[in-house]
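Residue-level listing of the chains:
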Amino acid sequence: GSLHADLMFIGEAPGKQEDLTGRPFVGRAGKLLDSLLAGIGLSRDEVFIANIVKHRPPGNRDPRDEEVRACTPYLEEQIRLIGPKVIVMLGRHSSRYILSFLPVEFDRITEIRGTVYPALLFGRPVRLIPTLHPAAALYSPAYRATLEEDFRVIERELAGAGKTARED
Ligand code: URA
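These notes cover the structure that comes with them.

Each aromatic ring pair is characterised by the separation of its centres together with the angle its planes make. On inspection of all chains with the given rule, the structure shows three aromatic pairs. For the pair Phe-9 and Phe-151, a centre-to-centre distance of 5.8 Å together with 15 degrees between the ring planes defines the contact as stacked. Residue Phe-9 is found in strand E1 (residues 7-11), and its partner Phe-151 is found in helix H7 (residues 143-161); the two are separated by 142 residues along the sequence. Comparing Phe-9 with Phe-151 shows no difference in burial state: the two are buried. Members of the aromatic cluster, joined through ring pairs, are Tyr-97, Phe-101 and Phe-122. Its guanidinium or amino end placed over the ring of Phe-122, Arg-80 lies 4.5 Å from that ring's centre, counting from NZ or CZ. Positioned above the aromatic ring of Phe-106 is the side chain of Arg-96, whose terminal nitrogen or guanidinium carbon lies 4.4 Å from the ring centre.

And the structure:
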């Protein structure tokens, strides 16, 4: 994605297609992500897409704590280099990790999705927004409307992030 992106997404881990191509979100969940982005007037080359875990967990199992610990130094460096104004966590794994900096605790991602958490991350102000993983809407189509609702929150936050401190 763009190294100058104001908006960064953090997914879970590469799936099969991502593993084969070396690019994030190129499978079915990625197509849905593209269409959610288009819905708020953005294309993929205007955003940066990362994953919390950088390798494919065998058999698509959930990432283990030690895998998250091994990979997050890379993710943190990505956040430092890009310096996004808004970070959207796709699903509970990336939400749990990123919100542990605040700290925010939750049992289910549905409890906190669409909430904007202002934070200081690596010395820079950033708005953190957890939402569902797009794959959830592939299994339960009703979740698409939930994702669309959260993407409107993202759109609003990005518009606000363009303001100077004085305008705020
Ligand atoms: N799901 C993810 O969380 N990340 C990807 O890159 C692809 C699917």
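This part takes up unusual backbone geometry. The residue after Leu-102, namely Pro-103, is reached through a cis peptide bond having omega 0 degrees. Mapped onto the elements of the fold, Pro-103 is located in the loop between helix H4 (92-99) and helix H5 (109-112). Non-glycine residue Phe-25 carries a positive phi angle of around 50 degrees. Despite not being glycine, Asn-60 has its phi angle at roughly 60 degrees, a positive value. Looking at the element boundaries, Asn-60 is found in the loop between strand E2 (48-51) and helix H3 (65-82).

This part is about the pairing of strand E5 (residues 124-131). As paired elements, strand E3 (residues 86-90) and E5 share five bridges and run parallel to each other. Each residue of the ladder has a partner; that of Leu-90, found in E5, is Thr-131. Summarising the sheet, strand E4 (residues 117-121) and E5 pair through five bridges and their orientation is antiparallel. In the strand pairing of E5, Tyr-117 is matched with Leu-128.

Conventions used here
- Residues numbered from 1 in each chain as written.
- Predicted model: local features only at pLDDT ≥ 70, side-chain atom pairs only at ≥ 80, totals over all residues.
- Heavy atoms only, no water.
- Phe/Tyr/Trp six-rings, centres within 6.5 Å; stacked < 30°, edge-to-face > 60°.
- Helix = DSSP H or I, 4+ residues; strand = E, 2+ residues; numbered from the N terminus.
- Buried < 20%, exposed > 50% of the residue type's maximum accessible area, 1.4 Å probe, protein only.
- Lys NZ or Arg CZ within 6 Å of the ring centre and 35° of its normal.
- Pairing = 2+ DSSP bridges.

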